[in-house]
Amino acid sequence: FSTPPQAPRQPEVVLVCFVRGALRDDVPLSLGRFGLPSAAEAEALEVRAVPRAVDPAWFEGWRTGALRAIAEADLGGADGDLGLLDQADTLFMISASPAAPADLGYLQAAWGLARWLVARGAQIVLDAHAMTFYRPDGLGAPGAALDVRRELRLVYETTAERPDGAHALHTRGLRKFGAPDLVALCSDDDTDLVSEVLTQLSEAAARGADFDLPHHAVELDATTTWHLAPDEHGLGDLLQLGNPARVLVDGDGGHLVGVTARVRDGKQRS
C-alpha cells in the first residue's frame, strides 16, 4: 500500500459495515492485529453510525435494488449470509477522502478499521465503490500486500438494445485510488481479451500510473495498439459509475467489437 501516485489524486473510500444490535466494547483497536498502518491514518478516517430507525428508506437502499442482486451473488441465498444482511439494524460507514495522499495508507487503514468492527460484531461489509459485499472472513489478512484485483469489480453489462453486440465491460472501484474507471464496448467473444487488458490497466492505475493524456497508447503487441480515450459520450454517467471514466478503443478510435478475431488474424499474418 506504499506505492506513490505519479500525480496528485483525490481518492474516496466508503466501506459500509452492517451490524445487528450493539457492537462489543471489549475489543481494543490494535494497529498490528487489524492491519492499520499508523494511528494517524486511523484518526483521519470518518466513522459514522446510522441506525435504521433514523431513515428507514435510506437504510434499505443499501440492501435493495441493484445492490440486492449483487448481495445475492456475493453472499448466497437467504439461508446464508444474505440473512445477516437483512437482519442488520445499524450501518457503520467508514469513509476517507484524503487530498493528494502520498500513498495508499488511507485505504489500508479503512480495511483495518473494518476488520476491527467485524471483530466487534459487524456481520457484513460492503465496498461501496467496487459494489462488492464481503463476509467477515473475506476482508483479507492484516498486513497483506495490496491486491488490486480484490479491490475492483469488473462488470459486463449486456443489453438487447445494442444490435451490433457492443456491450459495456467496465471496472468499478478505481475511485478508491483517485483514478477514473475504465470502460470498453465489446462483444461476448472479446470479453476474455478485453478483460485482461482492462485488468492490467487497472492494476497500473491503482498503483499510481497517470492516464491523463488525451489518448494514452496501449500496446498489445508489435502490430496492435489501442488507446485510452476521454469519455466523450458520457458512458460513465450511463453506467452510473459515480466516477470519471476513460474508454478503451482500438487504433482507429472505434469500439472493440471483434477485436479478438482481428488480433488473432494479425498474428497469423505476421
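A brief look at the structure comes next. Keep in mind that this is a model prediction, so the values were computed, not measured.

### So, the sheet that holds strand β7 (residues 167-172)
Pairing between the strands of a sheet is mediated by backbone hydrogen bonds and can be parallel or antiparallel. One open sheet accounts for six strands, arranged β6-β7-β8-β11-β10-β9; its pairing is mixed. The open sheet has two edge strands, β6 (153-157) and β9 (216-221), and neither has a second partner. With direction set aside, neighbouring strand axes in the sheet form an average angle of 25 degrees. The pairing of β9 with strand β10 (residues 224-230) spans five bridges and is classified as antiparallel. When the sheet's bridge partners are listed, E219 is paired in β10 with T225.

### Observations regarding the nonpolar core
Core analysis: the biggest nonpolar cluster contains 53 residues, and I94, V125, V194, W226 and L248 have the highest contact counts within it. Among the elements that make up this core, the one with the highest residue count is helix α6 (residues 105-119) (ten residues). Not counting residues up to four positions away in its chain, the partners in contact with L248 are V183, A184, V194, V197, L198, L201, V218, W226, H227, L228 and L256. Within the second largest apolar cluster, 19 residues are counted, among which are L67, L85, A88 and A128.

### Quick look at the sheet that holds strand β4 (residues 124-127)
In space, the five strands of this open sheet follow the order β2-β3-β1-β4-β5, with antiparallel pairing throughout. On the outer flanks of this sheet lie β2 (46-51) and β5 (132-134), each paired with one strand and no other. Each strand of the sheet is rotated relative to its neighbour by a mean of 20 degrees, with strand direction disregarded. When strand β1 (residues 13-19) meets β4, the two strands line up antiparallel, connected through four bridges. Note that in β4 the partner of L15 across the bridge is D127. Those strands touched by helix α4 (residues 65-75) are β4 and β5, and its axis lies near 45 degrees from that of β5. Each of β1, β2, β3 (90-96), β4 and β5 is contacted by α6, which is oriented at about 5 degrees to β1, the strand it contacts most.

Reading the values: the criteria
- Each chain has its residues counted from 1, running along the sequence as written.
- In keeping with the predicted nature of the model, local features appear solely for residues at pLDDT of at least 70, side-chain atom pairs appear and are counted solely at 80 or more, and the whole-chain, interface and lining totals rest on all residues.
- Only heavy atoms go into the side-chain values, all of them from the structure, while hydrogens and water stay out.
- Paired strands, as defined in this entry, are two strands with at least two bridges between them according to DSSP.
- Secondary structure elements are defined from DSSP: runs of H or I of at least 4 residues count as helices, runs of E of at least 2 residues count as strands, and each element is numbered from the N terminus.
- Structural elements are reduced to axes, namely lines fitted to C-alpha atoms, with helices fitted over the stretch in contact, and the angle between N-to-C directions of any two is expressed from 0 to 180 degrees.
- In these notes, a set of buried Ala, Val, Leu, Ile, Met, Phe, Trp, Tyr and Cys residues joined through side-chain atoms within 4.5 Å is what counts as a nonpolar core.
- For the exposure calls, accessible area comes from a 1.4 Å probe over protein chains only, and a residue counts as buried if that area is under 20% of its type's maximum, exposed if over 50%, partly exposed in between.
- The contact criterion used is simple: two residues touch if any of their non-hydrogen atoms lie within 4.5 Å.

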